[in-house]
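Chain by chain, the residues:
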Amino acid sequence: MTKNRGLAARLALSIIIAALLTAHLSAQTPGASAIELCQKGGIELSARNYYRAVDFCLQAVQLNSAYAPAYVILAKSFYYLGEYEQSLTYLAKAFQYGGRQNEWVTLSGFCFVQTGNFDNALKAFNEVLAKIPGDRDANFGLALLEIRAGKAVNAQAYLSKTLKAAPGDPRALLSLAVLSRAEGKTDEASRYVQEALRWLGDEPVLHYLAALEFFEAGNLKDATLFAQKAVASQQDAPLFRLLLAHLYYRQGAYSDAISQIQAALMKAQDDKRLLYLLGISYAGSGKSAEALQTLKYLAGLYPDDEIARLAMENIVMKTMTMEALARSEYADYRFVRAKEFTGNFLYGKALQEYRRGLLIYPYANEGRRKYAELIKISGLPATYLEELLFLRDIGKADQTVQDAIEVYNSVLAGSVFRTWKVQPLQLGEAPYSIAVYSTGSGGIPWHPASDTLIAQYLRDTLIFSNQLRPSTAVSTVNTFTDAFASARQSGMDFFLLVSAYETERDIRISAELRQARTGALVKSIQVTQSGNERIQRACDRILDELAGAFQLRGMLINRKGNVGLINLGTKNKAAKGSKFYIIKRGAASIKADGSGLSWPESAL
């Protein structure tokens, strides 16, 4: 349902959007009648010169305050300028002096859709369909409402009615292509696109929608071609430039992407989508200082933009040395959150934030101390001592830390690892290797490539798992085949394929866990979250579900007679009294379906 809602946001924007056009208002036209002025306004409207259309028609209604056609042109102009409430105001005047014409009522319906008044939109479209059951625009309006409600099947029914009335309607054909692709019907989607191209004409909105569909299909060449056509036809449309910039970004043409974004920002200053794409485009071109400056500005305007925060952190970790003091500014954000979670007794969330902060800046003195204290509260004294020893090793141990080291060295004198003379490095690495991939197209048009950042965040969090060894980097792949081949050839045990679908208010993250040797699906996870911290909450759920997908596995490190030491304990939730199979080293293998381990009886 959320995926279809995400499509709705894109579909509504792409079909209904029109851009702000720069033009100076014309001078008063002396001697012209209201009819002549209205005609000139209509010509300017057709040429997409909306400001001039408004100017002429305001003059017309000044001469004749009851002239309905002028109010209609004013309503259409303001609709295309994105001023939907103003459009409704002029439509009310048109209704007053010219009656409720079907075309005008339909326009009011689309205004209501844009303002979120869906009940009134439904009434408007139904009013028209009661008179003309096959009305194309009204049926299309109902299709939009059904998509917003997550009812793709109903939407397709309304679009099919539109096609019966007008078999070559490219708008309906392209909309059906988007819906078909969302349902996995790629061949059907391609047929709709090919048919739409026969009737496309030069309408920039339809060029945009065709570009979007080609992008979803992975055809970047044709997507770029149609996006360029849309921008050429309507150069002041920020949304069109946003898509073109995203396509350039995906193809590594960062300078071209930056140029498109800067032009779009002239008309949509402080647009979060444009600022985000500008930041990551700067990063792609190697201009990390400009990237961080842009993303910091974005985070200042929109503090709840989690993706922008992740993008900043990734740039910092990638471009700055581990010891760089500049890292501390970004890590402190995580430490502050951790402190708040600790104050609310949300220790699990606090630990996660401390770990993220220490990943950003490992040499944070206060952050590591607070983290160590939380480790102690969690009942892991040996790990607490490890953190204190690290502080000592990097020269940040004051007398308090030195005293704590002495105390815990004494307390742990009879502990397992001291009795068995085992150091942490001897405990062995996590038993399962996992590669993490993203599809790279998530987030259109809100946060392009957001799934790559989300996949990176999941990978970074898995570093702290005692059972999983994530790949050193996240790769972007176009298909399952690419991920399967890469994971298998690199000798991984499992791979995780991450994708994201985003709207302005919510996000859906899909994660497929697969066995790397066979490609078999082990677990499919789909999480939808809305509201504040939706990325964080969605990732937490994915990580929780992943944790239960792997059979607990450890290693017999040493033995004394009938007593053995294994590298599993409280961290792994191995409770007292747990029983384990002991298998000959190297004899256990992951089942073909990834559901667990198998071994020959002789190895038990």
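The structure under discussion appears in the preceding block.
Below is a short write-up of the structure. (Residues numbered from 1 in each chain as written. Predicted model: local features only at pLDDT ≥ 70, side-chain atom pairs only at ≥ 80, totals over all residues. Heavy atoms only, no water.)

Quick notes on the overall build of the protein chain
Step number 1: Across its full length, the protein chain holds 27 helices and ten strands.
Step number 2: A total of about 28200 Å² of accessible surface is found on the protein chain, and carbon and sulfur atoms cover 51% of it. (Helix = DSSP H or I, 4+ residues; strand = E, 2+ residues; numbered from the N terminus. Areas by Shrake-Rupley, 256 points an atom, 1.4 Å probe, with all protein chains shown as cover.)

Considerations on the state of the cysteines
Step number 1: Tallied over the entire structure, the rule returns zero disulfides.
Step number 2: Cysteine Cys 38 shares no disulfide, and the gap to the nearest cysteine sulfur, in Cys 57, comes to 4.6 Å. (Disulfide = S-S within 2.5 Å.)

Thoughts on the packing of helix 2 (residues 34-46) against helix 3 (residues 50-63)
Geometrically, a packed helix pair is captured by the angle between its two axes and the distance between the axes.
Step number 1: One can describe the packing of helix 2 onto helix 3 by two numbers: an axis separation of 8 Å at closest approach and a directional angle of 165°. If you check the angle between helix 2 and helix 3, you find them roughly antiparallel. Considering how the two elements wind past one another, helix 2 and helix 3 form a crossing that is left-handed. Residues Ala 34, Leu 37, Cys 38, Lys 40, Gly 41, Glu 44 and Leu 45 of helix 2 touch helix 3, and the partners they reach there are Tyr 50, Arg 52, Ala 53, Phe 56, Cys 57, Gln 59, Ala 60 and Leu 63.
Step number 2: Broken down by class, the residue content of the contact of helix 2 with helix 3 amounts to ten nonpolar, two polar and three charged. (Axes fitted to C-alpha atoms, helices over the stretch in contact; angles between N-to-C directions. Parallel < 35°, antiparallel > 145°, perpendicular 65-115°, else oblique. Left-handed = near helix turned anticlockwise from the far one by under 90°. Contact = heavy atoms within 4.5 Å. Nonpolar A, V, L, I, M, F, W, Y, C, P; charged D, E, K, R; others polar.)

With respect to helix 25 (residues 450-462)
Step number 1: The terminal C-alpha atoms of helix 25 lie 18 Å apart, and with 13 residues this matches the ideal 18 Å at 1.5 Å per residue to within 8%.
Step number 2: With twelve of its 13 residues buried, helix 25 lies for the most part within the structure.
Step number 3: Restricting attention to buried positions, one finds in helix 25 the residues Ser 450, Asp 451, Leu 453, Ile 454, Ala 455, Gln 456, Tyr 457, Leu 458, Arg 459, Asp 460, Thr 461 and Leu 462. (Expected span 1.5 Å × (residues − 1). Buried < 20%, exposed > 50% of the residue type's maximum accessible area, 1.4 Å probe, protein only.)

Description of the packing of aromatic side chains
Step number 1: Inspection of every chain in the model, using the stated rule, returns 18 aromatic pairs.
Step number 2: Ring geometry for Tyr 79 against Tyr 84: centres 5.3 Å apart, planes inclined by 70°, an arrangement best described as edge-to-face. The burial state of Tyr 79 is the same as that of Tyr 84; both residues are buried.
Step number 3: With a centroid separation of 5.5 Å and 50° between ring planes, the pair formed by Tyr 581 and Trp 599 is classed as tilted. (Phe/Tyr/Trp six-rings, centres within 6.5 Å; stacked < 30°, edge-to-face > 60°.)

Points about the pattern of salt bridges
Step number 1: Scanning all chains against the criterion turns up 22 salt bridges.
Step number 2: Salt-bridge contacts for Asp 460 lead to Arg 459; the nearest nitrogen and oxygen are separated by 3.0 Å.
Step number 3: Relative accessible area serves as the criterion here: at 5%, Asp 460 is assigned to the buried category.
Step number 4: Salt bridges here are not isolated pairs; linked through shared partners, they connect Glu 313, Arg 334, Arg 337, Glu 353, Arg 356, Arg 459, Asp 460 and Glu 533. (Salt bridge = Lys/Arg side-chain N within 4 Å of Asp/Glu carboxyl O.)

A word on the side chain of Ser 438
Step number 1: You can see Ser 438 is positioned in strand 1 (residues 432-438).
Step number 2: Classification of Ser 438 as buried rests on a relative accessible area of 0%.
Step number 3: Once you skip the residues sitting within four places of it in the chain, Ser 438 turns out to touch Asp 451, Thr 452, Ala 455, Val 474, Ser 475, Thr 476, Val 477 and Val 498.

A short note on the pairing of strand 6 (residues 521-530)
Step number 1: Two strands pair when backbone bridges link them, and strand 5 (residues 506-515) and strand 6 are joined in this way by nine bridges, in the antiparallel orientation. Looking across to strand 6, one finds that Leu 513 is bridged to Lys 523.
Step number 2: What sits between strand 5 and strand 6 in their antiparallel hairpin is a turn of five residues, with Gly 519 showing a positive phi close to 80°. (Pairing = 2+ DSSP bridges.)

As for the packing of helix 12 (residues 204-216) against helix 14 (residues 238-250)
Step number 1: Their axes nearest at 10 Å, the elements helix 12 and helix 14 cross at an angle of 30°. Taken together, the axis directions place helix 12 and helix 14 in an arrangement best described as roughly parallel. Note on packing geometry: the crossing formed by helix 12 with helix 14 is left-handed. Touching Pro 204, Val 205, Tyr 208, Ala 211, Leu 212 and Phe 215 of helix 12 are Leu 239, Phe 240, Leu 243, His 246, Leu 247 and Arg 250, all from helix 14.
Step number 2: Classifying every residue of the contact of helix 12 with helix 14 by side-chain character gives ten nonpolar, one polar and one charged.

Describing helix 19 (residues 327-343)
It helps to recall that an α-helix has 3.6 residues per turn; residues three or four apart then point in one direction.
Step number 1: With 17 residues, helix 19 extends 25 Å from end C-alpha to end C-alpha; this agrees with the ideal 24 Å at 1.5 Å per step.
Step number 2: Among all positions in helix 19, only Arg 327, Ser 328, Tyr 330, Ala 331, Arg 334, Phe 335, Arg 337, Ala 338 and Phe 341 are buried.
Step number 3: Phe 345 lies just past helix 19 and shows a positive phi near 65°.

Quick notes on the pairing of strand 8 (residues 563-566)
Step number 1: In terms of strand pairing, strand 7 (residues 556-560) meets strand 8 through four bridges, oriented antiparallel. Directly across from Asn 558, in strand 8, lies its bridge partner Leu 565.
Step number 2: The turn linking strand 7 back onto strand 8 is made up of two residues, and Gly 561 within it adopts a positive phi angle of 65°.

Remarks on the side chain of Ser 499
Step number 1: In this structure, Ser 499 sits in strand 4 (residues 494-502).
Step number 2: Leaving out residues up to four positions away in the same chain, Ser 499 has contacts with Thr 439, Asp 451, Arg 508, Ile 509 and Ser 510.

Focus on unusual backbone geometry
Step number 1: Positioned with a positive phi, Asp 270 is a non-glycine residue whose angle comes to about 65°.
Step number 2: Tracing the backbone through its elements, the reader meets Asp 270 in the loop between helix 15 (254-265) and helix 16 (272-284).
Step number 3: Of note in this structure, Phe 345 is not a glycine but carries a positive phi near 65°.

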